[in-house]
Amino acid sequence: ILLTAGILLGAYQKQIEGKTLTISAPAQERTGRTVRFYSRNKKRTDVLLKYGKTKILANQATIQETKNKIYLKGGFYSEYLDNEIVGETLSYNPFSDLFDAKEVIVKSKYSVSKAESFAFYGEKITLKHATVGLDLIKFDIQFDQLDLYPGWIVAYGTYPKLFSVPVFYIPVLVEDRR
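Everything numeric here is computed off the predicted structure, so don't read it as measured data.

### With respect to the overall build of the protein chain
Across its full length, the protein chain carries zero helices and 17 strands. Structurally, the protein chain occupies a C-alpha span of about 60 × 35 × 25 Å along its principal axes. Taken over 178 residues, the protein chain has a buried fraction of 31%. Sequence separation of 24 or more characterises 23% of the internal contacts of the protein chain that already satisfy a separation of 6 or more. Summed over all atoms, the accessible surface of the protein chain reaches about 11,100 Å², with 57% contributed by carbon and sulfur. Side-chain charges in the protein chain split into 25 positive and 19 negative, and the spacing between the mean points of these groups amounts to 7 Å.

So, in structure tokens, the structure goes:
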């Protein structure tokens, strides 16, 4: 049964940049060209968003159909290259592949990375108030800001820590491997 504007059998579908965006949720509301998908329980992430190979579970998703911008809030979860990614909010633009996430934790087998803000703009990735930790040896590196570019990085306010104790302070660190 085809309902309206791409809502098919309870799931929302839309073609963006040659890929299909599918959003499934227990509840949804439409206000003009904005569609909101949400869980009836604020502690659950049972809104499923699929776009290309990407799958994300969230508590709430909103799409602005005129701009094709997607906003997730109330918590989200995804997996990428054997890493678990958990966060509070995420905004994503499929046309430009630009995204901005808040309160993000990335877990792998040996490390945990946390950032107050994680943004990807073109070739630049920026992490603000971030910590990268190696669990096996209780070693962390804390950054006020970390900018990653292809082949080089700039780190501001860097504190290497061993057993949660700062070892030294580096105001600005530039590593260029181009």
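Still more to cover.
### Overview of the packing of aromatic side chains
The relation between two aromatic rings is expressed through the spacing of the ring centres and the mutual angle of the planes. In total, this model carries six aromatic pairs according to the counting rule given. Aromatic side chains Tyr-12 and Phe-37 sit 5.4 Å apart centroid to centroid with 65° between the ring planes, which places their arrangement in the edge-to-face category. Placement of the pair is Tyr-12 in strand S2 (residues 11–16) and Phe-37 in strand S5 (residues 34–38), with a sequence separation of 25 residues. Put simply, the rings of Phe-99, Phe-118 and Phe-120 pair up and form one aromatic cluster. Positioned above the aromatic ring of Tyr-38, the side-chain terminus of Arg-36 is 4.1 Å from the ring centre.

### A look at the confidence of the model for the protein chain
When the pLDDT values of the protein chain are averaged, the result is 87; 94% of them are 70 or greater. Confidence drops under pLDDT 50 across residues 1–9; counting only partners more than four residues distant or on other chains, this segment forms 14 contacts.

### A closer look at the pattern of salt bridges
Working definition: two side chains of opposite charge can pair if their charged atoms are close together. Considering all chains together, one arrives at seven salt bridges under this definition. When the shortest N-O distance is used, the salt bridge between Arg-36 and Glu-29 registers 3.0 Å. Given the relative accessible area of 27%, Arg-36 is considered partly exposed. Between Arg-33 and Glu-65 there is a salt bridge whose closest N-O contact spans 3.4 Å. In this pair, Arg-33 is assigned in the loop between strand S4 (27–31) and S5 and Glu-65 in the loop between strand S7 (54–64) and strand S8 (69–80), connecting sequence segments 32 residues apart. A residue is classified by how much of its surface remains accessible, and Glu-65, at 5% relative accessible area, is buried. A single salt-bridge network, built from bridges that share partners, covers Arg-30, Arg-33 and Glu-65.

### Re a nonpolar patch on the surface
A surface patch of nonpolar side chains, about 440 Å² in accessible area, is lined by Tyr-110, Leu-134, Leu-136 and Ile-137. Take Tyr-110: it is sitting in the loop between strand S11 (98–107) and strand S12 (111–121).

### So, the environment of Asp-82
Residue position: Asp-82 is located in the loop between S8 and strand S9 (83–87). You can call Asp-82 exposed: its relative accessible area is 79%. The contact partners of Asp-82, leaving out residues within four places of it in the chain, are Lys-107 and Ser-108.

### A look at the nonpolar core
Membership of the largest hydrophobic core comes to 21 residues, with the highest contact counts inside it found for Leu-21, Phe-37, Ile-63 and Leu-72. Elements that contribute at least two residues to this core include exactly S2, strand S3 (19–24), S5, strand S6 (47–51), S7, S8, strand S10 (89–93) and S11. Sort the elements by how many residues they give to this core and S7 lands first, with four residues. Not counting the four nearest positions on each side in its chain, Leu-21 is found in contact with Tyr-12, Gln-13, Lys-14, Ile-16, Leu-49, Lys-50, Tyr-51, Ile-63 and Ile-70. Counting residues in each nonpolar core, the second largest holds six residues, with Leu-127, Ala-130, Phe-143 and Leu-146 among its members.

### Focus on the environment of Ala-155
Secondary-structure assignment places Ala-155 in strand S15 (residues 152–162). For Ala-155, a relative accessible area of 0% puts it in the buried group. Sequence separation between Ala-155 and Phe-143 is twelve residues, and the spatial gap between their C-alpha atoms is 6.7 Å. Sequence-distant contacts of Ala-155, that is, excluding residues within four places in its chain, are made with Phe-143, Gln-145, Leu-146, Pro-171, Val-172 and Leu-173.

Criteria and cut-off values
Residues numbered from 1 in each chain as written. Predicted model: local features only at pLDDT ≥ 70, side-chain atom pairs only at ≥ 80, totals over all residues. Heavy atoms only, no water. Helix = DSSP H or I, 4+ residues; strand = E, 2+ residues; numbered from the N terminus. Buried < 20%, exposed > 50% of the residue type's maximum accessible area, 1.4 Å probe, protein only. Contact = heavy atoms within 4.5 Å. Areas by Shrake-Rupley, 256 points an atom, 1.4 Å probe, with all protein chains shown as cover. Lys, Arg positive; Asp, Glu negative; His and termini not counted. Charge placed at Lys NZ, Arg CZ, Asp CG, Glu CD. Phe/Tyr/Trp six-rings, centres within 6.5 Å; stacked < 30°, edge-to-face > 60°. Lys NZ or Arg CZ within 6 Å of the ring centre and 35° of its normal. pLDDT = per-residue confidence, 0-100. Salt bridge = Lys/Arg side-chain N within 4 Å of Asp/Glu carboxyl O. Patch = residues over 30% accessible without salt bridge, like charges linked within 9 Å, V, L, I, M, F, W, Y side chains within 5 Å. Core = buried A, V, L, I, M, F, W, Y, C linked by side-chain atoms within 4.5 Å.

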